[in-house]
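# Structural features, examined
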Amino acid sequence: MSETPELSSQGPAAPAVSELNPPDRTLMGPGPSDVHPRVLRAMSTPLVGHLDPTFIEVMNEVQELLRYTFRTDNRWTIPVSGTGSASMEAAIGNVVEPGDTMLVPTNGYFGGRMASMARRAGGEVVEVDAPWGEPLDPADVERAFERHDPDVFGFVHAETSTGVLQPEVPTLTDIAHEHGAYVIADCVTSLGGVEMRVDEWDIDVAYSGPQKCLSCPPGASPLTLNDRTMEKVLSREEEPRSWYLDLSLLEGYWGEERAYHHTAPITNVYAIREALRLVAEEGIEDRWARHREVAGDLKAGLRALGLEMNAPDDYWLPSLNAVRVPDGVDDGAVIEYLLAEYDLEIASGLGDLAGDIWRIGCMGYSARPKNVEFLLAALEEALSAQGYEG
């Protein structure tokens, strides 16, 4: 019988970890995007307490900047402490109560995530169908409402998995409100880069992430709710299943009281403040136009290489370009080549489109002409290495 080795009373030895030195990548995938230098500088500024009067003023400024970017006057507009999935779960987990029915789309990966969160909140999920790579048809949404009479309707404004922008948003919200439903919009890949008008389009709840068109590290994620929806949240009979994301508790911190709920990610709030200042300085409509123009050059360059877009022009998403992988080309090998040879990141497809598309972001600080020129030249070389002639 072997002897049991003696355990050191002092515990494990200290690991030898070198100084942090990540590669300097050009981020042209589905997110994160390149972070603006001003945002990085803001993150290096001194911390104050999360209830410090100075930080309270920062909170006020972030809320005003978020209202500008969302195009809303909603009083309840905040950065949720967490990634975009946290603001997504805050929206769905608070609005969907046990026994509620939520209508979700089937035309992309993130409609499926909506469904999963609604079920975990105790809701029943019903679906409005559309193929991956196509937007929702308002006629199909109308039929789904007539059949299921849902309490909540969720849709993805900019589907990151397919490169599809949902058109006719006001038509969808009109259908939902005619049936008395609340509308939740996923704006993760559109806020700050693609036209999005929360109030004008009559959207009840919208959520996003900071790491896409805002070019900000993840950690403080935009969320806005109108008064009608907040009344539903505050009058719930059963508490939301997440204490951390319970908006009735967060209301005490982000509302007028500014009472302690949790320690906010102060550095991330600094970061989103600076990212939103950049949005305001550029002007939101000019920013939308820049994304369309730079992504348009990208799309033209891809077509010049003989590549096809996954989405037709009518619902092409400028911030996330889904590109069909040509026959005989290994999508993963191209991705690996770009990363190894050029420190350039793009991504493969998800779900039903895995292996069929590349996802090329053109978002925020990454949406610059020099990045597009760099990517097109590197991609042409990577394709040529596989014998592709276009």
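These remarks concern the structure in this document. (Residues numbered from 1 in each chain as written. Predicted model: local features only at pLDDT ≥ 70, side-chain atom pairs only at ≥ 80, totals over all residues. Heavy atoms only, no water.)

The helix and strand inventory of the protein stands at twelve helices and 14 strands. Over its C-alpha atoms the protein spans a radius of gyration of 22 Å, differing by no more than 12% from the 21 Å that the globule rule assigns to 390 residues. The principal-axis extents of the C-alpha atoms in the protein amount to approximately 70 × 65 × 60 Å. Taking all contacts inside the protein whose residues are at least 6 apart in sequence as the whole, residues at least 24 apart take part in 72%. Only carbon and sulfur atoms are counted for the fraction: they give 47% of the accessible area of the protein, which is about 17300 Å². (Helix = DSSP H or I, 4+ residues; strand = E, 2+ residues; numbered from the N terminus. Rg over C-alpha atoms; globule rule 2.2 N^0.38 Å. Contact = heavy atoms within 4.5 Å. Areas by Shrake-Rupley, 256 points an atom, 1.4 Å probe, with all protein chains shown as cover.)

Under the defined criterion, the tally for this structure stands at 17 salt bridges. Between E281 and R277 there is a salt bridge, with the nearest N and O atoms lying 3.7 Å from each other. Note that E281 and R277 are positioned in helix 9 (residues 266-282) at a spacing of four residues, about one turn of the helix. For R290, the salt bridge goes to E282, with nearest N and O atoms at 2.6 Å. Take R290: its relative accessible area is 21%, and that puts it in the partly exposed class. Connected via shared salt-bridge partners are R38, E274, R277 and E281. (Salt bridge = Lys/Arg side-chain N within 4 Å of Asp/Glu carboxyl O. Buried < 20%, exposed > 50% of the residue type's maximum accessible area, 1.4 Å probe, protein only.)

Attention shifts here to the side chain of R197. Within the fold, R197 resides in the loop between strand 8 (182-186) and strand 9 (205-207). Relative accessible area serves as the criterion here: at 15%, R197 is assigned to the buried category. Among the polar contacts made by the side chain of R197, one reaches the side chain of E285 at a distance of 3.0 Å. Residues contacting R197, with those up to four places away along its chain left out, are F70, R71, E285 and W288. (Polar contact = N/O pair within 3.5 Å; in protein donor to acceptor, adjacent residues only side chain to side chain.)

Using the criterion set out here, one finds two cavities of 30 Å³ or more in the structure. The space that makes up the largest cavity amounts to roughly 40 Å³. P79, V80, S81, Y244, L245, L250, W254 and H262 are the residues that line the largest cavity. At the level of elements, strand 2 (76-82) and helix 8 (247-254) are the ones that each hand at least two residues to the lining of the largest cavity. In terms of residues, the lining of the largest cavity owes the most to one element, strand 2, which gives three residues. Considering only residue class, the lining of the largest cavity consists of six nonpolar, two polar and no charged. (1 Å grid on protein atoms, 1.4 Å probe; cavity = no way out; pocket = protein on both sides within 12 Å on 5 of 7 lines; lining within 4 Å. Points joined across faces, edges and corners; volume = space filled by probe spheres on them. Nonpolar A, V, L, I, M, F, W, Y, C, P; charged D, E, K, R; others polar.)

Now for helix 7 (residues 227-234). Three or more residues of helix 7 are buried, namely T229, M230, K232 and V233. Take helix 7 and look down its axis: the buried residues cluster within an arc of 155°, on one side only. (Arc of directions from axis to C-beta.)

So, on to the layout of surface pockets. Considered as a void within the structure, the largest pocket measures approximately 280 Å³ in volume. If you trace the largest pocket, you find 19 residues lining it, with F110, R113, V188, Q211 and K212 closest to the centre. For the lining of the largest pocket, the element with the most residues is helix 3 (residues 84-95), which contributes three residues. Residues belonging to the lining of the largest pocket are distributed by class as follows: eight nonpolar, seven polar and four charged. Within this model, the second largest pocket holds a volume of roughly 220 Å³. Within the residue set of the lining of the second largest pocket, elements represented by two or more residues are strand 1 (26-27), helix 1 (37-43) and helix 12 (369-384). Split into classes, the residues belonging to the lining of the second largest pocket amount to five nonpolar, three polar and five charged.

Further remarks concern a nonpolar patch on the surface. A surface patch of nonpolar side chains, about 310 Å² in accessible area, is lined by W243, Y244 and L249. Examined against the element boundaries, L249 turns out to sit in helix 8. (Patch = residues over 30% accessible without salt bridge, like charges linked within 9 Å, V, L, I, M, F, W, Y side chains within 5 Å.)

Moving on, we get to the sheet that holds strand 13 (residues 347-348). Across a sheet, strands are paired by hydrogen bonds formed along the backbone, either parallel or antiparallel in direction. With respect to topology, three strands assemble into an open sheet ordered 11-14-13, the strand pairing being antiparallel. What marks the edges here is a single partner per strand, and that holds for strand 11 (320-324) and strand 13. (Pairing = 2+ DSSP bridges.)

So, about the side chain of N226. Looking at the element boundaries, N226 is found in the loop between strand 10 (219-225) and helix 7. Of the polar contacts made by the side chain of N226, one reaches the side chain of T229; its length is 2.6 Å. With residues near it in sequence (within four places) discarded, N226 still touches N74, I203 and D204.

Across the sheet, seven strands lie side by side as 2-10-9-8-5-3-4; this open sheet has mixed pairing. Of all the strands in the sheet, just strand 2 and strand 4 (124-128) have a single pairing partner and so form its edges. In this sheet, adjacent strand axes meet at a mean angle of 20° when their direction is disregarded. Relative to strand 10, strand 9 is paired through three bridges, and the arrangement is antiparallel. For Y207, the partnering residue across the bridge sits in strand 10 and is L223. Helix 8 rests against strand 2 and strand 10 of the sheet, and its axis sits at about 105° to strand 2. (Axes fitted to C-alpha atoms, helices over the stretch in contact; angles between N-to-C directions.)

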